[in-house]
Amino acid sequence: MTTSPLFLVDDVAALPAPGGETVLTGPEGRHAVTVRRIRPGEELVLSDGCGGIAHAEAVATTGKDALTVRLRAVSHVPAPAVRIVIAQALVKGDRGELAVETATEAGADAFLPWKAARSVARWDDGPRGARALERWRSSVREAAKQARRPWQPQVTEPVTTRQLAQRVAAADAALVLHESAGTGLAGVELPADGEVLLVVGPEGGVDDHELAVLAEAGAVPVRMGPEVLRASTAACVALGALAVRTGRWS
């Protein structure tokens, strides 16, 4: 039995009480009607991406972009006790979008696009950079829907190494994935609650100066195993280990 598809709304708290009806319109309504082909009687879930969840039943379609639904139950899912933020270095082509997509499905709570020294990809401050950032945000949004996540990860504006070091200092724990680190991810101490910042370098890795800056701010270099992973898959693999250790998959 498949789980009900999830569609985004602005605010679950603003929806009618259970038993009432609302209309899903715009891009989400169009996706429900023309792509997912939701029909009367089928079940679906509405979410605002901030923990609000509403279970509903399709009542009727109107044209190609409107779906009337009847609310059945409304609830709020608490945020995880340990919030995992990924500082993902910019990587070339569509590998950056792949990185944030898979990490979203694996449980990342937020993303910091990082302008690392060895990043091949460069996001300028103009329209090209804005389009690249929107592609990341779109990938995260669709991945969160696919994974039926009640909390949608946020993607911030890109950060420099200096700005990333400030985030490292403010986190409850900060880890830098590095193939030559002496400490394994499985053995590092993690907080029972708060923010864990996980730093993933670009294709060429984190350079020595950056590693020193982040370590001085409080980050701990860690490795996951003997293999060297791609910059686009490292976060997803690390999140699996962190999900077990922080109780998300318990």
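Residues numbered from 1 in each chain as written. Predicted model: local features only at pLDDT ≥ 70, side-chain atom pairs only at ≥ 80, totals over all residues. Heavy atoms only, no water.

- For the protein, the name recorded in an unreviewed UniProt entry is Ribosomal RNA small subunit methyltransferase E, with Pseudonocardia ammonioxydans as its organism.
- Taken from UniProt, the Sequence similarities (unreviewed entry) comment for the protein reads in full: "Belongs to the RNA methyltransferase RsmE family." (UniProt positions renumbered as here; feature names shortened; annotations may be inferred.)

## Topic: the sheet that holds strand β9 (residues 173-177)
- The parallel open sheet is built from 6 strands, whose spatial order is β8-β7-β6-β10-β9-β11. At either margin of the open sheet sits one strand with a lone partner, and together these are β8 (154-155) and β11 (220-222). (Pairing = 2+ DSSP bridges. Helix = DSSP H or I, 4+ residues; strand = E, 2+ residues; numbered from the N terminus.)

## A word on the UniProt feature "domain: Ribosomal RNA small subunit methyltransferase E PUA-like" (unreviewed entry) in the protein
- In this numbering, the UniProt entry assigns the feature "domain: Ribosomal RNA small subunit methyltransferase E PUA-like" (unreviewed entry) to residues 24-71.
- Its end C-alpha atoms 12 Å apart, residues 24-71 is made of 21% helix and 48% strand.

## A look at the sheet that holds strand β2 (residues 21-24)
- Here we have 5 strands laid out as an open sheet, ordered β1-β3-β4-β5-β2, and mixed in their pairing. The two strands at the open ends of the sheet, each matched to only one other strand, are β1 (6-8) and β2. When the angles between neighbouring strand axes are averaged without regard to direction, this sheet yields 40 degrees.
- By the bridge criterion, 3 bridges tie β1 to strand β3 (residues 43-47) in an arrangement that is parallel. Across the sheet, residue Leu 8 finds its bridge partner in β3, namely Ser 47. (Axes fitted to C-alpha atoms, helices over the stretch in contact; angles between N-to-C directions.)

## Structural notes on the pattern of salt bridges
- In this structure the tally under the stated criterion is 12 salt bridges.
- Lys 145 is paired through a salt bridge with Glu 28; the nearest N and O atoms lie 2.9 Å apart. With Lys 145 in helix α3 (residues 127-146) and Glu 28 in helix α1 (residues 26-35), this pair connects stretches of sequence that are 117 residues apart. Like Glu 28, Lys 145 is buried.
- For Lys 145, the salt bridge goes to Glu 142, with nearest N and O atoms at 3.8 Å. Highlighted residues: Lys 145 and Glu 142, both in helix α3, separated by 3 residues, approximately one helical turn.
- For Lys 145, a relative accessible area of 7% translates into the label buried.
- The network of salt bridges with shared partners includes Glu 28, Glu 142 and Lys 145. (Salt bridge = Lys/Arg side-chain N within 4 Å of Asp/Glu carboxyl O. Buried < 20%, exposed > 50% of the residue type's maximum accessible area, 1.4 Å probe, protein only.)

## Observations regarding α1
- If you check which residues of α1 are buried, you get Glu 28, Gly 29, Ala 32 and Val 33. For α1, the arc enclosing every buried residue in end-on projection is 120 degrees, short of the 170-degree limit, so these residues lie on one face. Away from its buried face, by an angle of more than 90 degrees, α1 presents the exposed residues Pro 27 and Val 35.
- Packing partners of the buried residues in α1 comprise β1, β2, β4 (52-62), β5 (66-76) and α3.
- One or two residues past the end of α1 sits Arg 37, with phi positive at roughly 55 degrees. (Arc of directions from axis to C-beta. Contact = heavy atoms within 4.5 Å.)

## Section: the layout of surface pockets
- Empty space within the largest pocket amounts to approximately 450 Å³.
- If you trace the largest pocket, you find 24 residues lining it, with Glu 179, Val 228, Leu 229, Arg 230 and Ala 234 closest to the centre. (1 Å grid on protein atoms, 1.4 Å probe; cavity = no way out; pocket = protein on both sides within 12 Å on 5 of 7 lines; lining within 4 Å. Points joined across faces, edges and corners; volume = space filled by probe spheres on them.)

## Structural notes on the nonpolar core
- In terms of nonpolar packing, the biggest core is built from 31 residues, with Ile 86, Phe 111, Leu 175, Leu 177, Leu 185, Leu 198 and Leu 239 touching the most fellow members.
- Contributions of two or more residues to this core are made by β6 (82-89), α2 (95-106), α3, β9, β10 (194-200) and α6 (234-245).
- For this core, the leading source of residues is α6, giving 5 residues.
- With residues near it in sequence (within four places) discarded, Phe 111 still touches Ile 86, Val 100, Ala 103, Thr 104, Val 140, Pro 153, Gln 154, Val 155 and Thr 156.
- Core analysis: the second largest hydrophobic core is formed by 20 residues, Val 85, Leu 112, Leu 211 and Ala 219 among them. (Core = buried A, V, L, I, M, F, W, Y, C linked by side-chain atoms within 4.5 Å.)

## As for the domain arrangement of the protein
- Along its sequence, the protein is organised into domain 1 (6-76) and domain 2 (82-246).
- Inter-centroid distance (C-alpha atoms) of domain 1 to domain 2 is 32 Å.
- With 10 residues of domain 1 at the contact, the number on the domain 2 side is 7 residues.
- Between domain 1 and domain 2 lies a buried interface of about 770 Å² when both sides are counted; carbon and sulfur atoms form 57% of it.
- Contact with domain 2 buries area across many residues of domain 1, yet Leu 6, Leu 8 and Gly 49 alone supply 57% of it, more than any other trio.
- The tally of links between domain 1 and domain 2 comes to 4 residue pairs in polar contact (both at pLDDT 80 or more).
- Of all the secondary structure elements, the ones that give two or more residues to the side of domain 1 that touches domain 2 are β1 and α1.
- Looking at the side of domain 1 that touches domain 2 residue by residue, the class counts come to 4 nonpolar, 5 polar and 1 charged. (Domains from an automatic or database assignment. Buried area = accessible area lost by both parts, 1.4 Å probe. Polar contact = N/O pair within 3.5 Å; in protein donor to acceptor, adjacent residues only side chain to side chain. Nonpolar A, V, L, I, M, F, W, Y, C, P; charged D, E, K, R; others polar.)

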